[in-house]
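Survey of secondary and tertiary structure
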Amino acid sequence: MTFQTQLRIPGPTPLPERVVRSMNRPMIDHRGPEFAAILAEVTAGAKRVFKTKNDLLLLTSSGTGGLESAVANLVSPGDEVVVALCGNFGERFAALASAYGADVVRLEFEWGQPVDAGDLEVILQRHPKARVVLLTHNETSTGLTNPLRELAQTARSAERLVVVDGVSSISSIDIETDAWGIDVAVSGSQKGWMAPPGLALVSVSERAWVQQAKARSPRFYFDWKEAKTWADKGMTPFTPAVPVAFALQEGLRMLEEEGLANVYERHARLARATQAGLQALGFQLFAQDGYRSNTVTSALPPAGLDVAALRKLLDTKYGVVIAGGQAKMTGKMVRVGHLGAVAEGDVVQVIWAMEQALEELDIAPADGRGVAAVTASVQGVAAAAR
Ligand SMILES: Cc1ncc(COP(=O)(O)O)c(C=O)c1O
């Protein structure tokens, strides 16, 4: 019997009660003072999370819309664009650039491995005309966080524009947009922000604006200039996802009440606990040690386990929803999300349910070792902090 679904996918993430309540109100005029105040608060709060003094635009779209806006505003057909990729979201970024007619230069790494800054430097030397570099901060498909500071600084030193997909990292994993030289960073409301899907957050540097004025891709809905002109008047060019803005305002307040350093530390703690629990259950962590994500853990199943059967049982009997692999890893991997409104007890619950399910699927006895490993991880962290 389950009373509430435990959403342990890497987004959309669970909504805290405060966030749900924030949306339970009548609609407002999106061109009136009330919305202007919300837009101002959300923009200022998001800038603190991004650690940027650059412009920050709110676009009504999923994260991909934010990424598409970056390509549409910065890339002209025929331009060389370097895309560093090590998973499915990097692939998508490359496909997006191709769709806009870019001449995509792929710097590709095995799934589960991070992008290497030395290799990025070499490829940039070989392609001096590539103005724009597309990077993925947190590769959600493999549960890996790239060494973004190093990568961004490498691209910046080579005088390129640095565009970062931070959809599944920003607000859960630290980013220093300005200090690391990131020109454009993109996130999505349904991830660590604890809000529903519907708003993309995009930061745009001065250098990016200069390129924006020169780039010649067709753009309309995602024209940054329009977004900025209207934002300066407390509005968006088109009707925004108003209820998601209510939610984002509340989610941001909660992040700041907890304190960003504490939020990042909590995500690190949950990642370690999830890794410990999955390993104790016989799963093999997929992403390279040292680069494992604090928002999503990917793991290969123990021999004989049918991932689809596991996910179905978890969902129908235990109310726990986890993700599987994407693209070439479909059916070969589990991915457990632990970003946003997630605490230690939620990790205990997912690992407990997985342990029960493994017994029911005749893979291993439910002897409590998964939960014990999670508890030991959490207590070890607590002891170390004392
Ligand atoms: C790293 C990354 N990039 C892009 C996206 C796409 O975002 P959306 O589904 O909001 O368009 C996701 C979504 O999971 C993601 O994790």
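**Points about the overall build of the protein chain**
- Tallying secondary structure elements over the protein chain gives 13 helices and 14 strands in all.
- Here the C-alpha atoms of the protein chain give a radius of gyration of 21 Å, agreeing with the 21 Å that 2.2 N^0.38 yields for 386 residues.
- Projected onto its principal axes, the C-alpha coordinates of the protein chain cover approximately 60 × 55 × 40 Å.
- Out of the 386 residues belonging to the protein chain, those deemed buried represent 50%.
- Pairs at least 24 residues apart make up 71% of the contacts formed inside the protein chain by residues separated by at least 6 positions.

**Here's the deal with the pairing of strand S4 (residues 103-108)**
- Examined bridge by bridge, strand S3 (residues 80-85) and S4 share 6 bridges and lie parallel to one another. Paired with Val81 across the bridge in S4 is Val104.

**Quick word on the domain arrangement of the protein chain**
- Domain annotation of the protein chain identifies domain 1 (6-12 + 260-385) and domain 2 (17-256).
- A straight line from the C-alpha centre of domain 1 to that of domain 2 covers 28 Å.
- Every contact between the two is made by 25 residues of domain 1 and, on the other side, 25 residues of domain 2.
- Counting residues per element, the side of domain 1 that touches domain 2 draws most heavily on helix H10 (residues 260-280), at 4 residues.
- Considered class by class, the residues forming the side of domain 1 that touches domain 2 number 13 nonpolar, 10 polar and 2 charged.

**Re the packing of helix H11 (residues 307-318) against helix H12 (residues 344-360)**
- In contact at an axis separation of 10 Å, H11 and H12 are set at 115 degrees when each is read in the N-to-C sense. H11 and H12 meet at a crossing whose hand is right-handed. Contacts between H11 and H12 involve Leu310, Leu313, Leu314 and Tyr318 from the former and Ala353, Met354, Gln356, Ala357 and Glu360 from the latter.
- Here the contact of H11 with H12 is composed, by residue class, of 7 nonpolar, 1 polar and 1 charged.

**As for the sheet that holds strand S13 (residues 320-324)**
- Taken in spatial order, the 5 strands make up an open sheet running S1-S13-S14-S12-S11, and their pairing is mixed. Two strands bound the open sheet, and with one partner strand each, they are strand S1 (6-8) and strand S11 (284-285).
- Here H10 sits on the sheet in contact with S11, strand S12 (296-300) and strand S14 (334-337), set at roughly 15 degrees to S12.

**Examining H12**
- With 17 residues, H12 should cover 24 Å at 1.5 Å per step; its first-to-last C-alpha distance of 25 Å lies within 8% of that length.
- Looking at H12, one finds that the buried residues are Val347, Val350, Ile351, Ala353, Met354, Glu355, Ala357 and Leu358.
- For H12, the secondary structure elements touched by its buried residues are S1, H10, H11, S13, S14 and helix H13 (369-385).
- Just beyond H12, the residue with positive phi is Asp362, at close to 60 degrees.

**Quick word on the nonpolar core**
- Core analysis: the biggest nonpolar cluster contains 116 residues, and Val81, Val83, Ala97, Leu135, Val163 and Val164 have the highest contact counts within it.
- The element that contributes the greatest number of residues to this core is helix H9 (residues 242-258), accounting for 8 residues.
- There are two domains that each give this core at least three residues, and those are domain 1 (6-12 + 260-385) and domain 2 (17-256).
- Among residues more than four places away in sequence, those in contact with Val83 are Gly90, Phe93, Ala94, Ala97, Val104, Arg106, Leu107 and Leu134.

**Some thoughts on the site of the ligand**
- With respect to spatial proximity, the complete set of residues near the ligand consists of Gly11, Ser62, Gly63, Thr64, Phe89, Thr136, Asn138, Thr140, Asp165, Val167, Ser168 and Gly188.
- A class-by-class count of the residues in the shell around the ligand yields 2 nonpolar, 9 polar and 1 charged.

**Describing the sheet that holds strand S2 (residues 55-60)**
- Sheet architecture is open: 7 strands sit in the order S2-S10-S9-S8-S5-S3-S4, paired in mixed fashion. Strands with a single pairing partner mark the edges of an open sheet, and in this sheet they are S2 and S4. Pairs of neighbouring strands in the sheet enclose a mean axial angle of 20 degrees, with direction left out of account.
- Of the strand pairs in this sheet, strand S8 (residues 161-165) and strand S9 (residues 184-188) are connected by 3 bridges, and their pairing is parallel. What sits directly across from Val164, in S9, is Ala185.

**Quick look at the pairing of S8**
- In terms of burial, S8 is largely enclosed, as 5 of its 5 residues are buried.
- Residues Leu161, Val163 and Asp165 point to one face of S8 and Val162 and Val164 to the other, with burial holding for every one of them.
- Here strand S5 (residues 132-136) pairs with S8 via 5 bridges, running parallel. Residue pairing in the sheet places Val132 in a bridge with Leu161 of S8.

Each value, and the rule that gives it
Residues numbered from 1 in each chain as written. Predicted model: local features only at pLDDT ≥ 70, side-chain atom pairs only at ≥ 80, totals over all residues. Helix = DSSP H or I, 4+ residues; strand = E, 2+ residues; numbered from the N terminus. Rg over C-alpha atoms; globule rule 2.2 N^0.38 Å. Buried ≥ 20, exposed ≤ 12 C-beta atoms within 10 Å, placed from the backbone. Contact = placed C-beta atoms within 7 Å. Pairing = 2+ DSSP bridges. Domains from an automatic or database assignment. Nonpolar A, V, L, I, M, F, W, Y, C, P; charged D, E, K, R; others polar. Axes fitted to C-alpha atoms, helices over the stretch in contact; angles between N-to-C directions. Left-handed = near helix turned anticlockwise from the far one by under 90°. Expected span 1.5 Å × (residues − 1). Core = buried A, V, L, I, M, F, W, Y, C linked by C-beta atoms within 7 Å. Near = placed C-beta within 6 Å.

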